[in-house]
Amino acid sequence: MTVLVINSGSSSIKYQLVNPESGESLCTGLVERIGEEIGHYEHKYNGKVTEATEPIADHGVGLRKVLEFFDTVGPHLAESDIKAVGHRVVQGGKYFDRAALVDDAVQARIKQLCPLAPLHNPANLRGIEVARELLPDVPHVVVFDTAFFQQLPDEAATYALNREIAEKYEIRRYGAHGTSHKFVSETVTKILGRTDLKQIVLHLGNGASASAVVNGRAVDTSMGLTPLEGLVMGTRTGDIDPAVVFHLQREAKMDCESVDRLFNKESGLKGLAGDNDMRMVWKKVDDGERNAIEAIEVYVHRLVHYIGAYTAVMGGLDVVTFTAGAGENDSRLRARVLDRLAPFGVKYDAEKNAVRAKEAREISTADSAVKVYVVPTNEELAIARQAMELIQ
Ligand code: ADP
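Residues numbered from 1 in each chain as written. Predicted model: local features only at pLDDT ≥ 70, side-chain atom pairs only at ≥ 80, totals over all residues. Heavy atoms only, no water.

### Some words on the overall build of the protein
Working step 1: Of regular secondary structure, the protein possesses 15 helices and 14 strands.
Working step 2: Taking 392 residues into account, the globule formula puts the C-alpha radius of gyration at 21 Å, and the protein, at 21 Å, falls close to it.
Working step 3: Overall, the protein is about 60 × 55 × 45 Å in size when its C-alpha atoms are taken along their principal axes.
Working step 4: Each of the 392 residues in the protein was classed as buried or not, and the buried ones make up 51%.
Working step 5: Intrachain contacts of the protein at a sequence separation of at least 6 include 62% that bridge at least 24 residues.
Working step 6: Approximately 18,400 Å² of the protein is accessible, and the part contributed by carbon and sulfur atoms is 50%. (Helix = DSSP H or I, 4+ residues; strand = E, 2+ residues; numbered from the N terminus. Rg over C-alpha atoms; globule rule 2.2 N^0.38 Å. Buried < 20%, exposed > 50% of the residue type's maximum accessible area, 1.4 Å probe, protein only. Contact = heavy atoms within 4.5 Å. Areas by Shrake-Rupley, 256 points an atom, 1.4 Å probe, with all protein chains shown as cover.)

### A short note on unusual backbone geometry
Working step 1: The omega angle of the peptide bond from Gly74 to Pro75 is -5°, so this bond is cis rather than trans.
Working step 2: With respect to the helices and strands, the residue Pro75 is situated in the loop between α1 (59–72) and β6 (82–89).
Working step 3: Even without being a glycine, Arg33 presents a positive backbone phi close to 60°.
Working step 4: Looking at the secondary structure, you find Arg33 in the loop between β3 (25–32) and β4 (39–45).
Working step 5: Given the relative accessible area of 35%, Arg33 is considered partly exposed.
Working step 6: Although it is not a glycine, Asn46 adopts a positive phi angle of roughly 60°.
Working step 7: Tracing the chain through its elements places Asn46 in the loop between β4 and β5 (48–54).
Working step 8: Judged by its relative accessible area of 66%, Asn46 is exposed.

### Considering the environment of Asp286
Working step 1: You can see Asp286 is positioned in helix α10 (residues 278–286).
Working step 2: The class for Asp286 is exposed, based on a relative accessible area of 51%.
Working step 3: With 16 residues separating them in the primary sequence, Asp286 and Arg302 have C-alpha atoms 22 Å apart.
Working step 4: Engagement of the side chain of Asp286 in a polar contact is seen with the side chain of Arg332, the distance being 2.6 Å. (Polar contact = N/O pair within 3.5 Å; in protein donor to acceptor, adjacent residues only side chain to side chain.)

### A few points about the sheet that holds strand β13 (residues 361–362)
Working step 1: Strand order in this open sheet of 6 strands is β11-β10-β9-β12-β14-β13, and the pairing throughout is mixed. Edge positions in the sheet fall to β11 (217–221) and β13, since each of these pairs with one other strand and no more.
Working step 2: Of the strand pairs in this sheet, β13 and strand β14 (residues 371–374) are connected by 2 bridges, and their pairing is antiparallel. Residue pairing in the sheet places Arg361 in a bridge with Val374 of β14. (Pairing = 2+ DSSP bridges.)

### A look at the packing of helix α2 (residues 104–112) against helix α3 (residues 121–134)
Working step 1: Contact geometry for α2 and α3: axes closest at 9 Å, N-to-C directions at 155°. Taken together, the axes of α2 and α3 lie roughly antiparallel to each other. Here the hand of the crossing between α2 and α3 comes out left-handed. For the pair α2 and α3, the contacting residues are Asp104, Gln107, Ile110 and Lys111 in the first and Asn121, Leu125, Ile128, Glu129 and Arg132 in the second.
Working step 2: Class assignment of the residues belonging to the contact of α2 with α3 gives a composition of 3 nonpolar, 2 polar and 4 charged. (Axes fitted to C-alpha atoms, helices over the stretch in contact; angles between N-to-C directions. Parallel < 35°, antiparallel > 145°, perpendicular 65-115°, else oblique. Left-handed = near helix turned anticlockwise from the far one by under 90°. Nonpolar A, V, L, I, M, F, W, Y, C, P; charged D, E, K, R; others polar.)

### Digging into the pattern of salt bridges
Working step 1: Using the criterion set out here, one finds 17 salt bridges in the structure.
Working step 2: Arg173 is the salt-bridge partner of Glu229, the closest N and O atoms lying 3.4 Å from each other. One end of the pair, Glu229, is in the loop between β11 and α7 (243–251); the other, Arg173, is in the loop between α5 (163–168) and α6 (178–192), and 56 residues separate them in sequence.
Working step 3: Taking the shortest distance from any N to any O, the salt bridge between Lys283 and Asp287 comes out at 3.9 Å.
Working step 4: When salt bridges that share partners are traced, they join Arg173, Asp220 and Glu229 into one network. (Salt bridge = Lys/Arg side-chain N within 4 Å of Asp/Glu carboxyl O.)

### Remarks on the site of the ligand
Working step 1: In the vicinity of the ligand, 13 residues are found, and the nearest of them are Asn206, Met278, Gly325, Ala326 and Asn329.
Working step 2: One of the side-chain nitrogen or oxygen atoms of Arg279 is found 3.4 Å away from a nitrogen atom of the ligand.
Working step 3: Gly325 is positioned such that a nitrogen or oxygen atom in its backbone is 3.0 Å from an oxygen atom of the ligand.
Working step 4: At the level of secondary structure, the elements contributing two or more residues to the shell around the ligand comprise α10 and α12 (324–329).
Working step 5: It is α12 that provides the largest number of residues to the shell around the ligand, a total of 4 residues. (Near = heavy atom within 4 Å.)

### Remarks on helix α11 (residues 290–314)
Working step 1: With 25 residues, α11 should cover 36 Å at 1.5 Å per step; its first-to-last C-alpha distance of 36 Å lies within 8% of that length.
Working step 2: Within the sequence span of α11, burial applies to Ala292, Ala295, Ile296, Tyr299, Val300, Arg302, Leu303, Val304, Tyr306, Ile307, Tyr310 and Met314.
Working step 3: In this fold, the buried residues of α11 make contact with β9 (198–204), β10 (208–214), β11, α9 (268–273), α10 and α13 (331–340).
Working step 4: Just past α11, the residue Gly315 takes up positive phi, approximately 70°. (Expected span 1.5 Å × (residues − 1).)

### Re the sheet that holds strand β2 (residues 12–18)
Sheet strands line up and pair through hydrogen bonds in the backbone, either parallel or antiparallel.
Working step 1: Across the sheet, 8 strands lie side by side as β5-β4-β3-β2-β1-β6-β8-β7; this open sheet has mixed pairing. Lying at the two open borders of the sheet, with one neighbouring strand each, are β5 and β7 (100–101).
Working step 2: Where β3 meets β4, 6 bridges bridge the pair, whose relative direction is antiparallel. Paired with Val31 across the bridge in β4 is Tyr41.
Working step 3: Together, β1 (2–8), β2, β3, β4 and β5 form the strand contacts of α1, whose direction differs from that of β2 by roughly 30°.

This is a description of form; function is not addressed.
And the structure:
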């Protein structure tokens, strides 16, 4: 059996055909630069990459071509025993604390939530619309990035904002990357064979977030109303005094859209060091670039700040886990963070930290006060499994 997982962005569609039982990924692909002059397709199956470069007018055109790849290059969807299509949706608001079967009402809710995730929900919705049209005979399931954090205690989810305004505009901390934080914290729980754990998960990709998880329940997370809050990210500021917005409006005469773009697309590592990719930032560090050296210091400082805060919030800490692009691959970054935790008895094995692997692994020493893990996240598999559970 298989589930087709679709992650639809504003100008791209990522997809993967996954066996939710074995975890095997049978086929992956990417449609990019939708709506631009020239688009690009990449379909990987059986060790072979099929590509096409041509204009892709919209998501419908893109997905139709993807289905052609499945027919002509394989794997045949019908023969793959496809049970469901799983869609990633960023914002489920207060309405969804778990995955949901798509019907017109669910689709309307996702649409209604667009103002809370203007960069993501409209694109996610577009993917659902065209996929339902093109694959009408299989159930479609949506998995929300916010669902895992619907269980946050009120004290962690509530901004100290005027209550009337907050309620009217549904302003609270929803979190994001929840599918990954849930998958990774559950993986650690399974490895250790214990549910009574105080965990911190650090999802460090282009977007980055931290979560505090006690006994399997999320009790805090760094992303807020939108994925802008929290850690330093590839292009996002993370935490910043909101008065910076007023200041820029008054002094630089910037309007709302310009500040939005500045904070979401032109800041973070890119704003500090000129590049959003951690590998490039390290290269600049090695070349002695002052801005890059400082960018890493700011990035690490913010991480240490959150680890300290979450340890206090949870009243202790059993495990810290690194995941996503930089979390999984960047041993130098991990070492920088872990060195700062040495005064608290955190010890790691430098050789284990340096190993590159696709498997979940412990990198702390036996006498470390806190266990440290690296766990590759797999949001597609998590979505496929949640979709299967729901339709069963
Ligand atoms: P996304 O957040 O877009 O889903 P990923 O989780 O794949 O992305 O993370 C991508 C980011 O991970 C890159 O922008 C880069 O900063 C970082 N990254 C990937 N590989 C490495 C590596 N070997 N060393 C350092 N950083 C890496």
